[in-house]
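# Topology and contacts: notes
So you can see what is in the structure, the chains are spelled out below.
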Amino acid sequence: MIQRLFIAEKPSLGKAIAAELGVTQTCQGYIVCGNDAVTWCFGHLLEQYDPDDYDEAWKLWRRSSLPMIPREWRLKPKESTRAQLQVISNLLGEAATVVNTGDPDREGQLLVDEVLEHFRYTGPVQRIWLASLDSRSIQKALATLKDNRDYANLRDSARARSQADWLIGMNATRAMTLRGRESGRDGVLSMGRVQTPTLAMLVDRDSKITLFRKEKYHHVRLTLGGADAVSEKIAAPEEAEALRAACAGAEAVCTSVTREQKKEAPPRLYDLTTLQREANRIFGYTAKQTLDYAQSLYEKKLLTYPRTDSRYLTADMAETASAGLHLAAKVPPFDGCGEFFPDVSLLVNDGKVSDHHAIIPTLELEKADLSALPVGERNILLLVCRELLCAVAEPYVYEAVTATFTCGGQTFTAKGRHILSEGWREIDHIFRASLKEQPEDEAEPAALPDFTEGQLFDQVEAAVTEHFTAPPKAYTEDTLLAAMETAGKEDMPEDAERKGLGTPATRAAILEKLVAAGVVERKGKSLIPTKAGINLGTVLPDTLTSPMLTAEWEQKLTAIARGEGDPAAFMA
């Protein structure tokens, strides 16, 4: 008899649990731990029925079959997972209690629950919630197992998402493909609630770039005491030349000097999207690469759970965060930072943590050999360490200086910056200096000389510089993830928790799906729609290209997960 059967989302998670329980025997597909046993899934072991599994008439793609709406939703075993399903079936027959050990999110909840439903298991089920896989966190979670029924709303939210996506994907794909065939387009036009509006954003940006017509403009620049003072934009070259001629060798006077002290607060901790964006900017990693590296670090017990949309910690984590900070400060290159006094309270905001807190390193960092990690994982871990250290440092403080001058009857402006305190940026500079390849950053204004109001400059040097208006930039994964996160935001209620396209956990997969479908391609860091993608984007109905559909869905799915929404009403 098995006292407790832990069913993990994946083998690595199962083995981490087993190590804490104490392994007594390793078997094919499971591990015995005294009176307990640990087995695992490989993600979802079951999948939705295909249309023709439901109805023979749905095998043929015909308008008369649409919409396809199953009377009763059904799942079937994936061919590749039948052997593991049999292992789980055998173990369930011996188990007194099951512990749902899915990842701590709605999909993790569903994928274990649906296996139990598949085998009609009716015994008691508990839930273990693991935001981190270090030994201390696992032991704490083992000591505080919950009733799995407490997470039924989370399961219902995931199931509603899966079924609703089937309805949109299957029906819209067939409808648009049939329409395409009628107008002479071959191939399947794959539709999806998130992927379709994302493609539409890429096609729209590509169109703006293609249709952009650059315009020339000019600046007249005066060299004054080692600084450049610049005119307003001048369209006509003869006007610019006339102003240059009027100023060359003439007298300029400083009419005003304004100084404004400004502060840049330290950055917040990473959620998954901001980590993916930063890793794309600095290292050129795709969203999927970053997620894979962060997931591997989570499974190696070095990072907390990465699929989070929060950038804060809860109050009960303050002590752990403080210990983590001291460990991170000893990791090269951060051991070269000067003494600083971290303010851990900056990291804490219980009201802004929903399912999971921000991504931080675990206390296993103390024993880790970072040099043994694959380079991608090491870079992501160092990035998270940097963000933790920056987030508790002093603000970056500078004085913004603007000096205006008159010459030749026109006004010229010089801008500069005087740094008063590097604050958190000192840590960031040390991190960036340690990188083999330096990321491209926008140049900051240099310091200006000490100009004074009324100061005169004789024999001014003047020159005309030529410029062109620039088209919008193609999306990179960094800028597209940001656009997905805020898409439709202006049309959503202020208190809507989930806005934009998709969730932090799903956006990387959506981008990969678009690339795999041949409608988007990567060119360097840029994401560009292919000819097929542009053709598809031009025939899509507004209902499918608007981010409002998925933004509204995510809001309703979040309400279901919290017990504030009705899954049946949502599906209807």
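Owing to the predicted nature of the structure, the values given are computational and were not obtained by experimental measurement.

Within the chain, the secondary structure is distributed over 19 helices and 18 strands. C-alpha atoms of the chain, sized along the principal axes, occupy 95 × 65 × 40 Å. Counting across all 572 residues of the chain, residues that qualify as buried make up 49%. When contacts within the chain are restricted to residue pairs at least 6 apart in sequence, long-range pairs at least 24 apart make up 78% of them.

Per-residue pLDDT for the chain has a mean of 92; in total, 97% of the residues score no lower than 70. Between the elements of the chain, mean pLDDT differs from a low of 83, seen in helix H17 (residues 542-545), to a high of 98, seen in strand E8 (residues 125-127).

With mixed pairing, the seven strands of this open sheet are ordered in space as E2-E3-E4-E1-E7-E8-E9. Two strands bound the open sheet, and with one partner strand each, they are strand E2 (25-27) and strand E9 (146-147). Contacts from helix H1 (residues 11-21) reach strand E1 (2-8), strand E3 (30-33), strand E4 (36-40) and strand E7 (95-101), with the element oriented near 165 degrees to E4.

Next up on the list: the pairing of strand E13 (residues 396-407). The buried fraction of E13 amounts to 10 of the 12 residues, a majority that puts the element mostly inside the structure. With 11 bridges joining them, strand E12 (residues 252-264) and E13 adopt antiparallel strand pairing. In the strand pairing of E13, Glu 264 is matched with Tyr 396. The pairing of E13 with strand E14 (residues 410-421) spans 11 bridges and is antiparallel. Counted as the bridge partner of Ala 400 is Arg 417 from E14.

Moving on to the packing of H1 against helix H5 (residues 135-142). The geometry of H1 relative to H5 is characterised by a closest axis approach of 10 Å and an angle of 80 degrees between their N-to-C directions. The angle between the axes of H1 and H5 places the two elements in the roughly perpendicular class. Contact residues: Ala 16, Ile 17, Glu 20 and Leu 21 in H1; Ser 135, Ile 138, Gln 139 and Leu 142 in H5.

Parameters at a glance
Residues numbered from 1 in each chain as written. Predicted model: local features only at pLDDT ≥ 70, side-chain atom pairs only at ≥ 80, totals over all residues. Heavy atoms only, no water. Helix = DSSP H or I, 4+ residues; strand = E, 2+ residues; numbered from the N terminus. Buried < 20%, exposed > 50% of the residue type's maximum accessible area, 1.4 Å probe, protein only. Contact = heavy atoms within 4.5 Å. pLDDT = per-residue confidence, 0-100. Pairing = 2+ DSSP bridges. Axes fitted to C-alpha atoms, helices over the stretch in contact; angles between N-to-C directions. Parallel < 35°, antiparallel > 145°, perpendicular 65-115°, else oblique.

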